[in-house]
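# Analysis of the macromolecular model
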Amino acid sequence: MKKMSFPITIACLFILLILTVGICVSVGTMKIPILETYTVLIEKIFQLELVANSTASGVIWQIRFPRVLMGIVIGAGLALCGVVMQAIVQNPLADPYLLGISSGGYLGATLFIILGGSSLGFLGAMGISATAFLGALAAAVAVLTLASYKSNMTTTKLILSGTIINAACTAAANFVMAISGTDSTIARITFWTMGSLSSAKWESLLVPLCAVVMASTFLMTQYRPLNAMLQGDETAITLGINIHFYRRLYMVVVALLTGILVSTTGIIGFVGLIIPHIARALIGANHRRLIPVSILTGAIFLTGVDALARTIIENVELPIGIFTALVGAPFFAYIMIKKSYNFSNE
Amino acid sequence: MDLRLDGVEIDIGTKKIIHGIDLSVLQNSFVALLGPNGSGKSTLLKAIYRVLRPSQGVIYLNDLSIDQIPVRKIAQNLSVVSQFQSNHFDFTVEEVVMMGRTPHLKKLEKESKKDYEIVEDALHKTGLSEYKNRNILSLSGGEKQRVALARAIAQCPSLMILDEPSNHLDIKYQLEILSIIKNLNINVLAALHDITLAAQFSDYIYFLKEGEVVCHGIPEKVITKETLKEIYEVDCEIFHDPRTKSMCISYYRKGVMIGGAT
């Protein structure tokens, strides 16, 4: 497929992102004309007084815009982690949750919900995000340790270790749930595992936003080692890349970022898997261009899907994970069927 | 850059694959590594390009042990064309060849005009100029092999390691690739399968069997009926082309009478 030029792609995606933001802020139980949305946003961002007191101002600025921003941040972050993860393990089927982060987070969240905050001591006091984050991190550490135990980390060992830890954490969480879950706690856990942006507020944005900005700034400078990694370990070494060091470094960055994302919104699946593929179909596999395009695509995708999740049934907020898969799967299938995109030559 | 191996032994797991090998590649010569499957050619080469670590002995590049040289520094002088090219992601041919410039570029340095000229030249040398914008995944095995060679050339090495570089190629490209490499006029250490080609292109040959050097020397000296019998366990006759004087080998099947001998 003829790839679009990089500046044009970025420009198009930017315009699309701004449109998505406008539309997603406007839709909902209270319908707001899109022009009013943009006016209020511009007014607030640049601290101007364009229209005297739009009635929707509060809804836009306090409720919907933080949520849309959260969608942008989480979508961008998951897409970024997916791209880097696929490069690290040289496998187009990898996603950010390969490191056991989702199931570690699941275990952490389950313990919090079932045992209750008070019984977990100071951990409990910090809330479900903290326990989920710690669970995610512990799982990632376990995966990395297992994969590099007594020898160099290989991609196969990494994938297997991820599978093992994922299974173990999920089993542990399910065990706790089976032993002492009640209808209401199980419902909360299920909701958590499907992810949701509904808790987004200005205050809760800060941590994931900073994490995504820092991680993407760093990883965007790493396109050469990442490209070399995609050529296989041996080739990367012969190109002068210390593969063991870089793989570990990127993995730590991805683990921390994914841990933060998961603890903020629960497990939002599929974004980290499909967005890198969509971005590659748009611009190719070179990370210099792929990372920025993935970040933008991920942001647009998740924001749009979230709007769908909260508007498709009136007054009912559905978990976003349902829609990332529901929208993503057919889209992914289409990309796979199209012959021009060969993500694997086998 | 000169290469010298001093008593190199390599273990994989608990098995000793290479037993004490001394070898050198000096003064821009083309050195061939020959031997049957499983003789340890690839293993030995991997230790030189640092994918494996010798359990004993030292590998020197210009009299410095490779353990003392940073990986990137090595990659500025040594490039590798290996047997298998794994490419699961769609890059253009030009992008892959440009990766050969990786060791020469600082992390955020943009590729200069010179880098593009080097890539252009490498593509030209390997007959890939037309393929520049093609997707690497759409190429055949042989074409991918040439892309790998172009990338290795773009690295501007003074020592090139080749692990059966002409494996997937038809005879035209085998000859072409080996000629290109020969004309680079740098030190080359190549594991080869085809003894006739090795005789044509190399200045010096090492014969490997079961992880040991059985014999070494200039091609005319070491490629004899006797050594081939000893190393490959096949009977053969060696002729010389009446025009080029280059060596031709005719192999005999087991049990087939050697003409006129009985």
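Residues numbered from 1 in each chain as written. Chains lettered and ligands numbered in written order. Predicted model: local features only at pLDDT ≥ 70, side-chain atom pairs only at ≥ 80, totals over all residues. Heavy atoms only, no water.

## Quick word on the overall build of chain A
- Assigned secondary structure in chain A consists of 15 helices and zero strands.
- A globule of 346 residues ought to have a C-alpha radius of gyration of about 20 Å, and chain A, at 21 Å, matches this closely.
- Sequence separation of at least 24 residues holds for 73% of the intrachain contacts in chain A that already meet a minimum separation of 6.
- Carbon and sulfur atoms provide 72% of the accessible area of chain A, an area that totals close to 14,600 Å².
- Charge separation in chain A, taken as the distance between the mean sites of 19 positive and 12 negative side-chain charges, equals 11 Å. (Helix = DSSP H or I, 4+ residues; strand = E, 2+ residues; numbered from the N terminus. Rg over C-alpha atoms; globule rule 2.2 N^0.38 Å. Contact = heavy atoms within 4.5 Å. Areas by Shrake-Rupley, 256 points an atom, 1.4 Å probe, with all protein chains shown as cover. Lys, Arg positive; Asp, Glu negative; His and termini not counted. Charge placed at Lys NZ, Arg CZ, Asp CG, Glu CD.)

## Quick look at the sheet that holds strand 10 (residues 212-217) of chain B
Residue and element names in this part refer to chain B.
- Spatial strand order, 6-7-8-3-9-10: six strands in an open sheet with mixed pairing. Either end of the sheet is taken by a strand with one partner, and the two such strands are strand 6 (78-81) and strand 10. Here the average twist between neighbouring strands, direction ignored, is 15 degrees.
- Bridge analysis of strand 7 (residues 159-163) against strand 8 (residues 187-191) gives five bridges, and the strand direction is parallel. Across the sheet, residue Leu159 finds its bridge partner in strand 8, namely Asn187.
- In the packing of helix 1 (residues 41-48) onto the sheet, contacts are made with strand 3 (30-34), strand 6, strand 7, strand 8 and strand 9 (204-209), and the angle to strand 7 comes to roughly 150 degrees. (Pairing = 2+ DSSP bridges. Axes fitted to C-alpha atoms, helices over the stretch in contact; angles between N-to-C directions.)

## Some remarks on the sheet that holds strand 1 (residues 3-12) of chain B
All names here are of chain B.
- Across the sheet, which stays open at both edges, the four strands sit in the order 2-1-4-5 with antiparallel pairing between neighbours. Edge positions in the open sheet fall to strand 2 (15-25) and strand 5 (64-65), since each of these has one partner strand only.
- Sheet topology places strand 1 next to strand 2; seven bridges connect them, and they run antiparallel. Residue pairing for strand 2: Leu5 is matched across the bridge by Leu23.
- Sheet contacts for helix 1: strand 1, strand 2 and strand 4 (56-61); angle to strand 1, the most-contacted strand, approximately 115 degrees.

## Regarding the pairing of strand 7 of chain B
All names here are of chain B.
- Counted residue by residue, strand 7 has five buried out of five residues, so it is predominantly covered.
- Side chains Leu159, Ile161 and Asp163 of strand 7 all project onto a buried face; the interleaved residues Met160 and Leu162 project onto the opposite face, where all are buried too.
- The sheet contact formed by strand 6 and strand 7 spans four bridges and is parallel. Bridge pairing links Ser79 to Met160 in strand 7.
- For the crossover from strand 7 across helix 6 (residues 171-183) to strand 8, the handedness is right-handed. (Buried < 20%, exposed > 50% of the residue type's maximum accessible area, 1.4 Å probe, protein only. Right-handed = clockwise from strand over helix to strand, strands pointing away.)

## Looking at a nonpolar patch on the surface
Residues and elements named next belong to chain A.
- There is a patch of nonpolar side chains on the surface, built from Leu308, Ile312, Ile313, Val316, Ile322, Leu326 and Val327 and spanning about 540 Å² of accessible area.
- Among the elements that make up the nonpolar patch, the one with the highest residue count is helix 15 (residues 320-337) (three residues).
- Structurally, the position occupied by Ile313 is in the loop between helix 14 (287-311) and helix 15.
- When its relative accessible area of 42% is taken as the criterion, Ile313 is described as partly exposed. (Patch = residues over 30% accessible without salt bridge, like charges linked within 9 Å, V, L, I, M, F, W, Y side chains within 5 Å. Salt bridge = Lys/Arg side-chain N within 4 Å of Asp/Glu carboxyl O.)

## Focus on the nonpolar core
- If you look at the biggest cluster of nonpolar residues, it comprises 165 residues, and the most contacted ones within it are Leu99, Leu158 and Ile268 of chain A together with Val97, Phe207 and Ile223 of chain B.
- A per-element tally of this core places helix 3 (residues 57-88) of chain A first, with 18 residues.
- Excluding anything up to four places from it in sequence, Val97 of chain B contacts Val119, Ala122, Leu123, Val147, Ala150, Arg151 and Ala154 of chain B.
- Counting 29 residues, the second-largest nonpolar core is a separate cluster that includes Leu3, Ile66, Ile74 and Leu159 of chain B. (Core = buried A, V, L, I, M, F, W, Y, C linked by side-chain atoms within 4.5 Å.)

## Quick notes on the interface of chain B and chain A
- On the side of chain A, 36 residues touch chain B, which itself brings 34 residues to the contact.
- Roughly 2,900 Å² is buried in total at the junction of chain B and chain A, and carbon and sulfur atoms are behind 51% of that figure.
- Counting across the chain B and chain A interface gives four salt bridges.
- Where Arg224 of chain A meets Glu111 of chain B, a salt bridge forms, and the shortest distance between an N and an O atom there is 3.3 Å.
- On inspection of chain B and its partner chain A, the count reaches nine residue pairs in polar contact (both at pLDDT 80 or more). (Buried area = accessible area lost by both parts, 1.4 Å probe. Polar contact = N/O pair within 3.5 Å; in protein donor to acceptor, adjacent residues only side chain to side chain.)

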